[in-house]
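Descriptive structure summary
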Number of protein chains: 2
Amino acid sequence: MRKDQTRTPDRRSSIRVAIADNQTIFRKGMSSLLNETETVKVVSESNNGRELLLKVKKEEPDVILLDANMPVMCGIETTANLKKLHPEVKVLVLSAFNDRKQIIRLIKNGAHGFLLKDTSIENVLEGIYAVMNNGYYLNKMMSEAMFNVNKVPLSPSSKGILSIREIEIIKLLSQEMKNAEIADKLFINIRTVHRHRENIRIKINVKNVSGIVMYAIKNNLLD
Amino acid sequence: MRKDQTRTPDRRSSIRVAIADNQTIFRKGMSSLLNETETVKVVSESNNGRELLLKVKKEEPDVILLDANMPVMCGIETTANLKKLHPEVKVLVLSAFNDRKQIIRLIKNGAHGFLLKDTSIENVLEGIYAVMNNGYYLNKMMSEAMFNVNKVPLSPSSKGILSIREIEIIKLLSQEMKNAEIADKLFINIRTVHRHRENIRIKINVKNVSGIVMYAIKNNLLD
DNA sequence: AAAAATTTGGGTATAAATACCCAGTTCTCA
DNA sequence: TGAGAACTGGGTATTTATACCCAAATTTTT
C-alpha cells in the first residue's frame, strides 16, 4: 500500500497529479497551469483511460484528472477500473457536458469529484485540495446529482460493451439516417437494423434515439 | 484598411493571433503553447464570439482561432460576422466534432481553415502559417468536405435563431423525453410541442430528432 | 471442438414522430 | 400603434420507431 510506503521529501511536498485527456492542447494547458502552483505537480499525462491505467502504479499520483469523454476507454469505465486497482487514488472527473445521469454513474463507479471542462483553474485546484483533504469534492452539480441518485435506475455501465457493427449503426443514425437508409447503406435487411438498435438501447440503457446520440457523443464514438 | 497602415516593428515581427473559446483552460493552454513560438503572438482571448467581435478592431489580429462549439454566439455566426466586418482577418476554426455539414457551413460562411480540437500544437501552427501564406488551410477533413460542398443542401445558417422556448424544448428532448412528457412538464398541449419541434427542425434544417440533438450539442445549447 | 458472442432475419403490434394544413393570442420592438 | 415574431392549439394522415416474441448462420473465444 502506498500509504505505508516511505516517500522522499520532494515527492511528499506537493500533490502528485495525473491527467488523462485526449485533447493534447487541453492537457498541456492544464498541466502548465497546475505546475504554476507549487503545491501541485503533474507527474503523468495520458491520451486515454487505457494508457492511464498502465502508468498509475509507476507514477503514483495522489489525484487523477480524468476526462469523461474519451475514446478507447471512457471516463466511467476508467473510474471503475481505478477504484478496483487503485482505491487509494482520488479521481476528479472533468466533462464537457453537464449530464446528471453521467455524474451519478461516475459517483456510483467511484469518482470523488466532478467538474465541467468549462471552468477555471482555480476551481480545478479547489477540487484537487478537496479530494485530498476531505476525500471527496462536492459542488452544485454533484449535489444535485446526489440528491437524485436513487431516482435514476442505472444499469451497470461497463457491462454492455458495444460491438463494431453497433457502433457503425450509431454513427449512421447520428447522421440523421433512418433505419431503411442504414439498411441500404450496409446491405442488410431493415429488420437487422431494428435488432441492432434495440440491442444498443438495452446495452446503454436509454429510451430512444436521443439517448443514443447523446451517449455516442459523450463517449466519443463519432468521427 | 489595416494593410495600408504603418505598424511598429514589434507588431509586424510576429503573427498576431486572437483566440475565442469558452473553455478557459483550453484557451490558456493554447495561448501559452503558441507563445512559446516566436513567430506567433497571442494578442487577445475571448470567452465567446460576441466578446471576440468587440475586440477585433482594437487588437488587430492576423489570425483568429475560433471554437466552433461556443454558447452565446456559435462559430458559424461569428465567422459570418467576421467576414462581413473584418474580411482581411483569417479565420481558423477548431471543433470538437468532425462534422461534414458543419465544416461546409463554416467554409461557406468564410472560414479559411478547420481543425479538430483533438490535435497537436504543431498542426495548429501549420494551420496558422498556411492561412497567412496561402490565404487558406486545407487538410484531409476540409478536402473531403469541399468535395461534397454542392451535395449538401445548406440553409442559411444564421437565419433561424432559436427562441427561448425552442431551446427549452430542445433541452428536454435531449434528455430522452417524448412529446407528451415535454407537454406535461411545460404545462402546454402536446400539439404545441409538435409545432415547436417542427419549427425547430425547419429552422436548423435537420431531418429528425437525431439532427436536433447533434445541433444542440454542437452549439452548446444544453446545460 | 465446444461455448459464447455477434450478426443476421422475421412476425406482430403499438407508440411516437413527422408532414402537411389551419389560426388565435400574446409579446416585443420599432 | 402597428408589424412581426413568438407561443399557443387543432385536424388529419403517413411514416418511423419502439417493444417483445422468435431463431439460424457466422465469428470469436476458450
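Structure: see above.
Given the structure is predicted, the values throughout are model-derived calculations rather than measurements.

1. So, the protein's contact with DNA strand C
- As a structural note, the neighbourhood of DNA strand C is formed by 17 residues, with Ser163(A), Arg165(A), Asn189(A), Lys178(B) and Arg201(B) the closest of them.
- For DNA strand C, the backbone portion of the atoms within 4 Å of the protein, that is sugar and phosphate, comes to 64%.
- Taking Asn179(B), its side chain carries an N or O atom lying 3.1 Å from a phosphate oxygen of DNA strand C.
- Those elements giving two or more residues to the surface near DNA strand C turn out to be helix H10 (190-204) of chain A together with helix H10 (190-204) of chain B.
- When residues in the surface near DNA strand C are grouped by element, the largest group, five residues, is from H10(B).

2. Structural notes on the nonpolar core
- Judged by nonpolar contacts, the single largest core of 46 residues is most densely connected at Ile170(A), Ile182(A), Ile217(A), Ile170(B), Ile182(B) and Ile217(B).
- Broken down by secondary-structure element, the contributors of at least two residues to this core are helix H8 (164-173), helix H9 (179-186), H10 and helix H11 (209-218) of chain A together with helix H8 (164-173), helix H9 (179-186), H10 and helix H11 (209-218) of chain B.
- The residues touching Ile182(A), leaving out its near neighbours within four places in the chain, are Ile169(A), Leu172(A), Leu173(A), Met177(A) and Val193(A).
- Listed in part, the 44 residues of the second largest apolar core include Val17(B), Phe26(B), Leu65(B) and Leu94(B).

3. So, the relation of the copies chain A and chain B
- Least-squares fitting of chain A to chain B yields an RMSD of 0.1 Å, with the superposition described by an axial translation of 0.0 Å and a rotation of 180 degrees. A rotation of that kind, with that shift, is consistent with a two-fold axis. Among all residues of chain A, the one whose C-alpha sits closest to the rotation axis is Gly29(A), at a distance of 1.6 Å.
- A high fraction, 100%, of the interface residues of chain A reappear at the interface in chain B, so the copies pair face to face through one surface.

4. With respect to the interface of chain A and chain B
- Counting residues at the interface gives 36 residues for chain A, matched by 36 residues for chain B.
- Summed over both partners, the interface of chain A with chain B comes to about 2800 Å²; 60% of that surface belongs to carbon and sulfur atoms.
- Three residues stand out in chain A for area buried against chain B, namely Gln23(A), Ile25(A) and Glu176(A), and they jointly supply 26% of the buried area on that side.
- In this structure, the salt-bridge partner of Lys101(B) is Glu176(A), at a minimum N-O distance of 3.2 Å.
- Counting across the interface, chain A meets chain B through eight residue pairs in polar contact (both at pLDDT 80 or more).
- Broken down by secondary-structure element, the contributors of at least two residues to the side of chain A that touches chain B are helix H2 (24-35), helix H6 (121-133) and H11 of chain A.
- Partitioning the side of chain A that touches chain B into residue classes produces 15 nonpolar, 13 polar and eight charged.

What counts and what doesn't
- Every chain begins its residue count from 1, and numbering advances along the sequence as written.
- Lettering for chains starts from A, numbering for ligands starts from 1, and both go in the order in which the items are written.
- Owing to the predicted nature of the model, reporting of local features is limited to residues with pLDDT of at least 70; listing and counting of side-chain atom pairs is limited to 80 or more, with chain, interface and lining totals taken over all residues.
- Side-chain metrics rest on all non-hydrogen atoms present in the structure, leaving aside hydrogens and water.
- Nearness is defined per residue: one heavy atom within 4 Å of the molecule or strand is enough.
- Contacts described as polar in this section are N or O atom pairs within 3.5 Å, which, within protein, must combine one atom able to donate a hydrogen with one able to accept it, while residues neighboring in sequence count only if both atoms come from side chains.
- In this text, helices come from DSSP runs of H or I with a minimum length of four residues, and strands from runs of E with a minimum of two, each type numbered from the N-terminal end.
- Only buried residues count toward a nonpolar core. Its members are Ala, Val, Leu, Ile, Met, Phe, Trp, Tyr and Cys residues joined through side-chain atoms within 4.5 Å.
- Exposed residues in this analysis have more than 50% of their type's maximum accessible area, buried residues have under 20%, and partly exposed residues fall in between, with area computed by a 1.4 Å probe over protein chains only.
- Contacts were defined at the residue level, with two residues in contact if any of their heavy atoms lie within 4.5 Å.
- The fit set for superposing copies consists of C-alpha atoms from residues with pLDDT of at least 70 in both; the fit itself is least squares.
- Once two parts are joined, some of their accessible surface, as seen by a 1.4 Å probe, is lost; buried area is that loss totalled over both.
- Just to be clear on terms, a salt bridge is a Lys or Arg side-chain nitrogen sitting within 4 Å of an Asp or Glu carboxyl oxygen.
- Asp, Glu, Lys and Arg are counted as charged, while Ala, Val, Leu, Ile, Met, Phe, Trp, Tyr, Cys and Pro are counted as nonpolar; the rest, among them Gly, fall into the polar class.

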